[in-house]
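# Results of the structural survey
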Amino acid sequence: QLSSNVSSVIITGLESKMTDDVSIYPIPASDYLYIRSGKPLPGEWSVISTEGKSIELKKNELDGATVVELQHAPPGIYVLQYTHNGKAVRRKFARK
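Residues numbered from 1 in each chain as written. Predicted model: local features only at pLDDT ≥ 70, side-chain atom pairs only at ≥ 80, totals over all residues. Heavy atoms only, no water.

## What to know about the environment of Ile77
In plain terms, the rule: We count a stretch as a helix when DSSP gives it H or I for four or more residues in a row; a strand needs E for two or more, and each element gets its number in order from the N terminus. Remark: exposure states derive from per-residue accessible area (1.4 Å probe, protein chains only) relative to the maximum for the residue type, with buried under 20%, exposed over 50%, and partly exposed in between. Residue contacts are defined here by distance: any two heavy atoms, one from each residue, within 4.5 Å place the two residues in contact.
Relative to the assigned elements, Ile77 resides in strand β9 (residues 76-84). Overall, Ile77 belongs to the partly exposed group, its relative accessible area being 42%. Residues Ile77 and Pro28, 49 residues apart in the sequence, show an inter-C-alpha distance of 9.3 Å. Setting aside residues no more than four positions away along its own chain, Ile77 makes contact with Ser49, Thr50, Phe93 and Ala94.

## Things to note about the packing of aromatic side chains
So the rule is basically this: Think of it this way: a Phe, Tyr or Trp ring, Trp meaning its six-membered ring, pairs with another when their centres are within 6.5 Å, and the plane angle makes it stacked under 30 degrees, edge-to-face over 60, tilted otherwise.
Considering all chains together, one arrives at three aromatic pairs under this definition. Geometrically, the ring pair formed by Tyr25 and Tyr34 is stacked, given 5.5 Å between the ring centres and 15 degrees between the ring planes. On the basis of relative accessible area, Tyr25 is assigned to the partly exposed category, the value being 31%. Note on Tyr34: relative accessible area 24%, which makes it partly exposed. A ring pair is formed by Trp45 and Tyr82, whose centres lie 4.8 Å apart and whose planes are at 50 degrees; its orientation type is tilted. With Trp45 in strand β5 (residues 44-49) and Tyr82 in strand β9, the pair connects residues that are 37 residues apart, well separated along the chain. Tyr82 matches Trp45 in its accessibility class, with the two residues each being buried.

## Side note on the pairing of strand β3 (residues 22-25)
Quick note on the threshold: A pair of strands is considered paired only if DSSP assigns at least 2 bridges between the two.
Direction of pairing for β3 relative to strand β4 (residues 32-37): antiparallel, over a ladder of four bridges. Paired with Ser23 across the bridge in β4 is Arg36. Between β3 and β4, which pair antiparallel in sequence order, lie six residues.

## Observations regarding unusual backbone geometry
In this model, Tyr25 is joined to Pro26 through a cis peptide bond whose omega is -10 degrees. Turning to its location among the elements, Pro26 is positioned in the loop between β3 and β4. Each neighbour pair has its own omega, and for Ile27 with Pro28 the value is 0 degrees, a cis peptide bond.

Take a look at the structure:
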């Protein structure tokens, strides 16, 4: 569960933590981006390009992690967004 005092945050750099309980890897991503959480996340994930376009999100579950398929996304900078109860947390990542 995300902290209720976080309404919109963009984290940059090489950090792989979105919140205390969520990690994304590898950074930079290639064909897949993995999201691992210590607890279930009931919200929605989306991937947005720097131009503001939503990227088709194909997710699978693998070994307790959510796997986002990025094979069809061109290299560049993207934002991974998690939305729950009207609040959003965003994390920039690169796809090489």
